[in-house]
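Reading the structure
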Amino acid sequence: MSTESPPVCRYPVPTVAELPEDLRQRILEVQEKAGFVPNVFLALARRPAELRAFLAYHDALLLREESGLSKAEKEMVIVATSGLNRCLYCVVAHGAILRVYAKAPRLADQLATNPLKAEVTPRQAAMLAFALKVAGDAQAITEADYEQLARHGWSNEDAWDITSIAALFGLSNRIANAISLMPNEEFYLMGRAPRARGEARPVES
């Protein structure tokens, strides 16, 4: 097996120094926090307007403080639906973020392979069932699905968040798969053991 790092994706990617100032600053902030630049930034930065649009929607959903979903629960939706879509990049990258937020080293692997067997609460299981239906069979969503969420304490606004996160990452999963976007090596071990001083922290992308 080759020990060389695989290319970021099948397309040439720009260097950080080549990017417009706003994107360069955003990426440098992420690098300072995490200790590395997630490959998704470099891959999408080849079209700066599209990266800006993706980040704007990502931040509106993932950083929305009014949401009834915790940061860990949002990542649970991402990992479970990315597993359904067989997206290597998003499963590995967001699995790492989930492990850190939830302080649950096994959870991301469970969600990516079989969410029905994951160690989650009944309330979270209802959230995941709705998200997976959005990701795989959205045309079949009915009022009964919303009622099932409500029985577990999720509001209509929470349902919108679940839907939108699953949908955004459906887009992300398909792009990542089609361009063979590879996860950074740092993501694989992140959150599997107590964080050492200086170890990379989770990033919001």
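Small disclaimer: the values here were computed from a predicted structure and weren't measured. (Residues numbered from 1 in each chain as written. Predicted model: local features only at pLDDT ≥ 70, side-chain atom pairs only at ≥ 80, totals over all residues. Heavy atoms only, no water.)

Quick look at the packing of aromatic side chains now. This structure, assessed with the given rule, holds three aromatic pairs. Aromatic pair F36 and F187: ring centres 5.1 Å apart, planes at 85°, arrangement edge-to-face. Taken together, the residues span a long stretch of sequence, with F36 in the loop between helix 1 (21-34) and helix 2 (39-44) and F187 in helix 10 (residues 185-189) at a distance of 151 residues. The exposure classification of F36 matches that of F187, with both residues buried. Plain terms: the ring middles of F130 and Y146 are 5.2 Å apart, the flat faces sit at 70° to each other, and that makes the pair edge-to-face. (Phe/Tyr/Trp six-rings, centres within 6.5 Å; stacked < 30°, edge-to-face > 60°. Helix = DSSP H or I, 4+ residues; strand = E, 2+ residues; numbered from the N terminus. Buried < 20%, exposed > 50% of the residue type's maximum accessible area, 1.4 Å probe, protein only.)

Counting residues in each nonpolar core, the largest one holds 59 residues, and the members touching the most others are Y89, L98, L111, M127, L181 and F187. Secondary structure elements with two or more residues in this core: helix 1, helix 2, helix 3 (48-62), helix 4 (71-84), helix 5 (88-102), helix 6 (107-113), helix 7 (122-137) and helix 9 (156-178). Broken down by element, the residue count for this core peaks at seven residues, all from helix 9. Beyond its immediate stretch of four places on either side in the chain, L181 contacts V8, C9, N39, V40, A43, Y89 and A176. (Core = buried A, V, L, I, M, F, W, Y, C linked by side-chain atoms within 4.5 Å. Contact = heavy atoms within 4.5 Å.)

The next subject is a nonpolar patch on the surface. Taken together, the side chains of L88, Y188 and L189 present a nonpolar region at the surface, about 300 Å² in accessible area. For Y188, the position within the fold is in helix 10. (Patch = residues over 30% accessible without salt bridge, like charges linked within 9 Å, V, L, I, M, F, W, Y side chains within 5 Å. Areas by Shrake-Rupley, 256 points an atom, 1.4 Å probe, with all protein chains shown as cover. Salt bridge = Lys/Arg side-chain N within 4 Å of Asp/Glu carboxyl O.)

With that settled, consider the packing of helix 4 against helix 9. Contact pair helix 4 / helix 9: the axes reach a minimum separation of 9 Å and the direction vectors enclose 45°. By the criterion of interaxial angle, the relationship of helix 4 to helix 9 is oblique. The handedness of the crossing between helix 4 and helix 9 is right-handed. Between helix 4, through K74, V77, I78, T81 and S82, and helix 9, the contact on the second element is made entirely by I162, I165, A166, F169 and N173. (Axes fitted to C-alpha atoms, helices over the stretch in contact; angles between N-to-C directions. Parallel < 35°, antiparallel > 145°, perpendicular 65-115°, else oblique. Left-handed = near helix turned anticlockwise from the far one by under 90°.)

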